[in-house]
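Observations on the three-dimensional arrangement
One letter stands for each residue in the lines below.
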Amino acid sequence: MDKIITVKEFVDGYKKQTDDVTNKKEKYIKKFVGDNYVNYATKLSVADQIVQLSSTNQVDGQVNGQIKINSSLRYLLYVFNLIDLYTNITVDFSNILEEYDLLEEQGLVDELIRLMPQREVTSFETILKIVFDDFIQNNYENHAFISNQVQRIVDIFTATTSPLIEKIKEKVENMTEEDIDKLGHKVEKILKKISR
């Protein structure tokens, strides 16, 4: 859908409409709302982005693996992605708080969503809920949490012990046969003491 107007321009135009018996305000809003179908893959991709951005801790725009649910951000992203998908209004995602307030002050968030194809809104809401539920089940429930923590420990252990193992390997390669035999006997004694 071609974008032809910014949120601010849309709100300014709306304010200029008089609401008489011809419903100029509703007609004005309808001019910018489409009746288009958005394919499943697009809805799924957008829903996944919303869940990732609103459910994980981000540092410098990068997900750091920590779960941090931000439902208010998820709601804002939901609203503005609907507007992006089903209207001719250009959304500035870097300025969504101010743009949300511009729309909400005039009661336009609910009006825009009400005038969108409801089958599409319902479909998008369902997909978003499914993606979020899957995210929680895969990352936040006990078995997933334990599995993720074990993997994290393995990753940390591997990262920290690899240099040590390399140094030991290097030392062993430079040892004589006699030194290797002595080391083997010492390790054997230690293992016997531990197993008692």
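So, here is what we can say about the structure in this document. (Residues numbered from 1 in each chain as written. Predicted model: local features only at pLDDT ≥ 70, side-chain atom pairs only at ≥ 80, totals over all residues. Heavy atoms only, no water.)

Counted according to the given criterion, the structure contains seven salt bridges. Between Lys30 and Glu26 there is a salt bridge whose closest N-O contact spans 3.4 Å. Placement of the pair is Lys30 and Glu26 together in helix H2 (residues 24–30), with a separation of four residues, close to one helical turn. A relative accessible area of 46% means that Lys30 is categorised as partly exposed. Residue Glu26 is classed as partly exposed on the basis of its relative accessible area, which comes to 26%. Across the salt bridge formed by Arg119 and Asp35, the nearest N and O atoms sit 3.7 Å from each other. Of this pair, Arg119 sits in helix H7 (residues 118–139) while Asp35 sits in the loop between H2 and helix H3 (40–55), and the two are 84 residues apart along the sequence. For the pair Arg119 and Asp35, one class covers both residues: exposed. Connected through shared salt-bridge partners, Glu26, Lys30, Glu111 and Arg114 make up one network. (Salt bridge = Lys/Arg side-chain N within 4 Å of Asp/Glu carboxyl O. Helix = DSSP H or I, 4+ residues; strand = E, 2+ residues; numbered from the N terminus. Buried < 20%, exposed > 50% of the residue type's maximum accessible area, 1.4 Å probe, protein only.)

Attention shifts here to the packing of aromatic side chains. Within the structure shown, the criterion is met by six aromatic pairs. Plain terms: the ring middles of Tyr28 and Phe32 are 5.2 Å apart, the flat faces sit at 65 degrees to each other, and that makes the pair edge-to-face. Residue Tyr28 is classed as buried on the basis of its relative accessible area, which comes to 7%. For Phe32, a relative accessible area of 6% translates into the label buried. Plain terms: the ring middles of Tyr75 and Tyr78 are 6.5 Å apart, the flat faces sit at 40 degrees to each other, and that makes the pair tilted. Within this pair, Tyr75 and its partner Tyr78 are both found in helix H4 (residues 71–86), separated by three residues, close to a single helical turn. (Phe/Tyr/Trp six-rings, centres within 6.5 Å; stacked < 30°, edge-to-face > 60°.)

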